[in-house]
Amino acid sequence: MNDETSAARKRRMKVVVDLSRCEVFAQCVFASPTTFVLHGDEVLEYDPSPDEAAHEQVILAARACPVQAISIGWSEEPEDMEARVP
Amino acid sequence: MTEHLDSRTDRFTRGRVVIVGASLAGLRTAEALRQEGFTGALTLIGDEPHLPYDRPPLSKQVLAGRLPVEHTPLARLHDLEASWRCGVPAVGLSLADGHVLLADGQHVPFDRLIIATGARARPWLHPAEAALDGVLLLRTRDDASRLRARLAAGSPRVLIIGGGFIGAEVASVCRALDLRVTVVERGPAPLAGALGTVVGSIAAAVQRDHGVDLRCDTTVTTLEGDADGRLRRVHLSDGDTLDVDVALVAIGPLRNTEWLAGSGLAADPRGVVCDAFCRAIDERGEIQERVFVAGDVARWPHPLYPDELLSVEHWSNAVAQARTVAQNLVHGPAAYRAHTHLPSFWSHQFGINIKSAGVPALADQVLITQGSVDDRRFVAAYGLGGRLIAAVTFNQARMLPVYQALIEASAPLPIDFKASDRPSDTRPLPAGFPAAPQPSPTMAAPTRSRAEHAATSAMAMEHAASRTSLTSDAG
Amino acid sequence: MPQETLFQESARVSNRANPYPLYAELRRTPVSRESDGTYVVSTYREVSSLLYDPRISADPRNSADPPPMYKNPNAPPPEPSFIQLDEPRHEHMRRLTMKHFGPPRSPGRISGMAARIGQLVDKLLGAHQGRQEIDIVQDLSYPLPVMVICDLLGVPLEDEPRFRDWSDILTSGLDPDPSLQNDPAFLQRIFKASAEIRVYMAELLKAHRRTPNDSMLSAFVNDPEARAQVTDGEFMSIAILLLIAGHETTVNLISNGVLTLLRHPDLLARLRREPELVPAAIEEVLRYEPPVQFRNRTTLADVSVAGVTIPKGAEIILLIAAANRDPLRFPDADRFIPDRTDNQHLSFGSGVHYCFGAPLARVEAQIALREIIRRLDGPVLAVDPPPYRFNPALRGPSHLVVNFERLTD
Ligand SMILES: Cc1cc2nc3c(=O)[nH]c(=O)nc-3n(C[C@H](O)[C@H](O)[C@H](O)COP(=O)(O)OP(=O)(O)OC[C@H]3O[C@@H](n4cnc5c(N)ncnc54)[C@H](O)[C@@H]3O)c2cc1C
Ligand code: HEM
Ligand code: SF4
């Protein structure tokens, strides 16, 4: 059994876009072109685990989204996470 | 049971909540429970050896090699303080004793249970052929890694069995990687099970434009292996034989409900029946007040589609249903809200953003209302009995909200917007859903079971309607 | 003279400093038919849904009462730029223009301008070293967007005095005041400015064809894909749109931001301590004091909204600034809350015409406001309310004199 509270909490920024909501205004791509990418005119892809260097931009991207489709959360470091799985 | 109710508010805030299925719906329900003020013990049980991750990228960026699979774990949006049981499946449920039985023999007791066990990929029907090296499925992170490794290694020809969304997305990735790919679709067009043959045939043209060897009205008769058990050849019903070393079986989902066998709940490979408030219904048609259902595994009644129980495989439904379940679980009957989220999904394939709102598969008519099919930028409106029930956009995401509002208002069809970009021909056509559907988003049972009857009974729906605010989750 | 409508009253100069009480009155009827036949839409839900609605046209040629430019008996109206086009031509033109401005083709162009914008702000503020007074509008929030858009587009900054006048006159065409719209002298000035700026732009675009540089206009007018599909008249109209929309709006955002913060010293102090809140605060400035107060549209079919059927061919005013203060959408809507979380304002529009330049405006405002907040010690407003620009559609102060103790580094 894994108890989340006892695990080391090494947090890492994670981002999630509700692509059902997204209307591809690409404001996030302008704000953080390394995390959000347009493939073609209307296909938005993003890196859910952005690099530390992009974190500030990702926050701006979430702010700029005209339909509030971007949420910012966190996760544990992958190593910890896998280690905690029996 | 009542000992855990907050005596002042009648809210369920303490007690023990167990969630079975630790993926999108399970995680978001857990978070929403905390947000709603649940402070009791929270346990998530998942059979996968990973913490929750996001599936949509698996058939897109991950497969194309643009996103490492390690980047797919889902964001935590709220503190959980939960116990996780990862890598161990639930194998039984006792409603009478209020516990879940795990494969390792443990009993996990609950005061409230949430069923969020989702679906899995339907395996190839012939076990021996399915076991061949190179015959793959795509549902999990590990599936994606396996398929990715095959594609990255290069393949003389990839075979995709099934022209649904996952098949089409994988075909798109194969072409982007410049791999030869054959899609074998039993029906008349790809995506036809979900979008009908009118739009499906547009999808077929898109695939062929991109160099996919698309074979409709065709089935795989045999998958043939070599002496070492490696896939090497496929025989098709059109008489053709192709040399392939990778075959993706993408013939639809099966809901993960086996663990509920014998529990008394109305559960089968189509899902678990629940009422409009997402409470599970048992085989006798009785509502189980302590058991809720969310995500791909749920079959629930929707006021806009009164004759059906909906079951979808849509990311946004898992998220929205998680919120409904948490709200109803915590705040109790006096504050119940019906799950009236309008089904919607997206798919990325061949550089096109396909979006859908409503349930196209229930339609009898379809018409192109805006844009140009030739430019692959258009809106298709779907109707049933003269009412708008769904809309699909190809690279026209910004047009969808208008249609969403009209669907929620059951606007009459045909609609004539006099839109500046309406095509010259806006006559409705038969939507063209195959008579014997591929596993489609909804399947009405030929005869209603007691549970299905209970879920959609006039009384239940009326009750739900009184708690319906169609725009409640718009914001 | 017909009686002034509530909307016309809200647009009157005497109400420029605070039109919001009148907007609140307008919101009591979400869709109201004014005595001149115009429909004014003032509530969030309705404005938002009409911005998306394909039955609503942005093309003035569909309107019974088109803007001044279309009333010149002596010259055909200029080709519309995409802000005045409907689908599919709108999307087509917008995409060809976007190719040289943002994603998918030029994703890093705007974020790449941040350093340059920082230098410009530094220079503009630095000029006030040793002084204790600054006119935020004239010394910063006007020159900055002008310099930036000139830089981006490849318009010589020395031409600013010429296009300043044209731009002023052309944007006054957005004024709904009937006494202006029916004044022949006013119309003549608009026709003249329009003709002159087009001659100017034609020359400039020719120069970019002769000697291309790395500016956006050079790339645009020399792009073979665009050249195959965009007429020279359209190139001109688009370039003029970018030039005017690129600075007449951003100036208001920066000025309104400074004004609002100086009216809330506690919040200003907080932002000084927590500069990471500036981007959120700018979104709130956009909601609270929108640089573009309203937009015009017309109907292609009868459209029912909020129980009112707007007939085909009617003039519609989408009152963005009123929608942004709709208490049904925003709790405490009349309060300025810089860290408001659910802030889906309509200040950049919505739907297919969503502001093309929003990412640039945001970068400019973020840098400018951050630096003003950081560097001005003890700033206070010299005059409150400040004098406003004449234009009710593009609403913002014309001068914003601020006294301060010291300019820090
Ligand atoms: C490749 C792929 C691409 C997709 N793309 C899109 C898309 O583009 N757009 C879109 O809208 N949707 C898409 N989807 C669908 C979307 O991912 C699903 O709707 C979503 O994952 C549903 O979440 P869920 O939690 O209900 O179910 P699931 O994600 O299926 O999670 C159920 C979990 O329960 C576990 N489980 C099952 N049985 C047991 C048991 N007995 N004990 C313990 N645990 C158990 C499962 O292993 C799984 O982890 C895609 C799905 C896939 C597979
Ligand atoms: C704070 C600054 C700005 C504000 C508030 C603003 C506001 C708006 C609004 C409300 C619209 C929608 C018009 C409509 O729907 O009718 C719009 C469109 C537009 N804006 Fe902006 N804008 C700003 C800055 C800019 C900048 C810097 C540029 C140029 C680089 C620009 C270029 C445009 C263009 C070209 C359009 C037309 C888009 C289309 O029709 O598709 N704007 N703007
Ligand atoms: S800014 Fe929002 S709507 Fe636009 S592409 Fe990004 S997520 Fe989608």
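Residues numbered from 1 in each chain as written. Chains lettered and ligands numbered in written order. Predicted model: local features only at pLDDT ≥ 70, side-chain atom pairs only at ≥ 80, totals over all residues. Heavy atoms only, no water.

Draft legend 1. Structural context of the interface of chain C and chain B. Chain C puts 12 residues into the contact, and the matching count from chain B is 11 residues. Here chain C meets chain B over a buried area of about 1,100 Å², counting both sides, of which 67% is carbon and sulfur. Taken as a group, Tyr-52, Pro-54 and Glu-87 of chain C account for 45% of the area that chain C buries against chain B, more than any other trio of residues on that side. Taken together, the links from chain C to chain B amount to 1 salt bridge. Taken together, the connections running from chain C to chain B amount to 1 residue pair in polar contact (both at pLDDT 80 or more). (Contact = heavy atoms within 4.5 Å. Buried area = accessible area lost by both parts, 1.4 Å probe. Salt bridge = Lys/Arg side-chain N within 4 Å of Asp/Glu carboxyl O. Polar contact = N/O pair within 3.5 Å; in protein donor to acceptor, adjacent residues only side chain to side chain.)

Draft legend 2. Up close: the packing of helix 16 (residues 278-288) of chain C against helix 18 (residues 358-375) of chain C. Residues and elements named next belong to chain C. At a minimum axis separation of 10 Å, helix 16 and helix 18 run at an interaxial angle of 115°. Between helix 16 and helix 18, the angle is such that the two are roughly perpendicular. Seen from above, helix 16 lies across helix 18 with right-handed handedness. Within the contact between the two elements, helix 16 uses Val-278, Pro-279, Ile-282 and Glu-283 and helix 18 uses Arg-362, Ala-365, Gln-366, Leu-369, Arg-370 and Ile-373. Of the residues belonging to the contact of helix 16 with helix 18, the class tally is 6 nonpolar, 1 polar and 3 charged. (Axes fitted to C-alpha atoms, helices over the stretch in contact; angles between N-to-C directions. Helix = DSSP H or I, 4+ residues; strand = E, 2+ residues; numbered from the N terminus. Parallel < 35°, antiparallel > 145°, perpendicular 65-115°, else oblique. Left-handed = near helix turned anticlockwise from the far one by under 90°. Nonpolar A, V, L, I, M, F, W, Y, C, P; charged D, E, K, R; others polar.)

Draft legend 3. Highlighting the UniProt feature "domain: Reductase C-terminal" (unreviewed entry) in chain B. In the numbering used here, UniProt assigns the "domain: Reductase C-terminal" (unreviewed entry) feature to residues 345-414 of chain B. In residues 345-414 of chain B, helix accounts for 13% and strand for 51%; the two terminal C-alpha atoms are 23 Å from one another. (UniProt positions renumbered as here; feature names shortened; annotations may be inferred.)

Draft legend 4. Representation of the interface of chain B and chain A in the model. In this assembly, 43 residues from chain B lie in contact with 38 residues from chain A. Buried area between chain B and chain A, both sides added, is near 3,500 Å², and the carbon and sulfur share of it is 51%. Looking at the side of chain B facing chain A, the largest losses of area belong to His-71, Arg-76 and Arg-398 of chain B, adding up to 17% of the total buried there. The tally of links from chain B across to chain A stands at 2 salt bridges. Inspection of the chain B/chain A interface yields 15 residue pairs in polar contact (both at pLDDT 80 or more).

Draft legend 5. Seen up close, the nonpolar core. In terms of nonpolar packing, the biggest core is built from 258 residues, with Phe-36 of chain A together with Leu-33, Val-100, Ile-115, Leu-195 and Tyr-382 of chain B touching the most fellow members. By size, the runner-up hydrophobic cluster in this structure holds 19 residues, among which are Val-31, Tyr-39, Leu-50 and Phe-330 of chain C. (Core = buried A, V, L, I, M, F, W, Y, C linked by side-chain atoms within 4.5 Å. Buried < 20%, exposed > 50% of the residue type's maximum accessible area, 1.4 Å probe, protein only.)

Draft legend 6. Up close: the site of ligand 2. All names here are of chain C. What surrounds ligand 2 is a group of 25 residues, the closest being His-90, Arg-94, Arg-295, His-353 and Cys-355. Within the contact set of ligand 2, an oxygen atom lies 2.7 Å away from a side-chain nitrogen or oxygen of Arg-297. Between an oxygen atom of ligand 2 and a side-chain N or O atom of His-353, the distance comes to 2.6 Å. Among the elements of the structure, helix 4 (89-98), helix 13 (232-248), helix 14 (250-262) and strand 5 (295-299) are those that each provide at least two residues to the shell around ligand 2. Take the shell around ligand 2: its biggest share by element is 4 residues, from helix 13. (Near = heavy atom within 4 Å.)

Draft legend 7. Inspection of the domain arrangement of chain B at higher detail. All names here are of chain B. Domains assigned within chain B are domain 1 (1-120 + 254-331), domain 2 (127-251) and domain 3 (351-430). Contacts between domain 2 and domain 3 engage 10 residues on the former and 14 residues on the latter. Between domain 2 and domain 3 lies a buried interface of about 950 Å² when both sides are counted; carbon and sulfur atoms form 75% of it. Applying the counting rule to domain 2 against domain 3 returns 1 salt bridge. Note that Arg-376 and Asp-209 form a salt bridge whose closest N and O atoms lie 2.5 Å from each other. Connecting domain 2 to domain 3 are 2 residue pairs in polar contact (both at pLDDT 80 or more). (Domains from an automatic or database assignment.)

Draft legend 8. Quick peek at the environment of Ile-197 of chain C. Residue and element names in this part refer to chain C. Positionally, Ile-197 belongs in helix 10 (residues 184-210). Take Ile-197: its relative accessible area is 2%, and that puts it in the buried class. In this structure, the C-alpha to C-alpha distance between Ile-197 and Asp-165, residues 32 residues apart in sequence, is 9.7 Å. Excluding residues within four positions of it along the chain, Ile-197 makes contact with Trp-166, Leu-170, Ile-240 and Ile-244.

Draft legend 9. Representation of the coordination of the iron atom of ligand 2 within the structure. Of the protein atoms, Cys-355 of chain C (SG) alone serves as a donor to the iron atom of ligand 2, at 2.3 Å. Among the structural elements, Cys-355 of chain C can be located in the loop between helix 17 (320-323) and helix 18. (Donors = N, O, S within 2.8 Å, 3.2 Å for Na, K, Ca; no water.)

Draft legend 10. Focus on the environment of Tyr-305 of chain B. All names here are of chain B. Position of Tyr-305 relative to the elements: it lies in strand 25 (residues 305-310). Sequence separation between Tyr-305 and Leu-362 is 57 residues; the distance between their C-alpha atoms is 8.5 Å. The residues contacting Tyr-305, other than those within four sequence positions of it, are Leu-310, Leu-342, Pro-343, Gly-358, Val-359, Leu-362, Ile-389 and Ile-407. There is a polar contact of 3.2 Å between the side chain of Tyr-305 and the backbone nitrogen of Val-359. A polar atom in the side chain of Tyr-305 sits 2.7 Å from the backbone oxygen of Ile-389.

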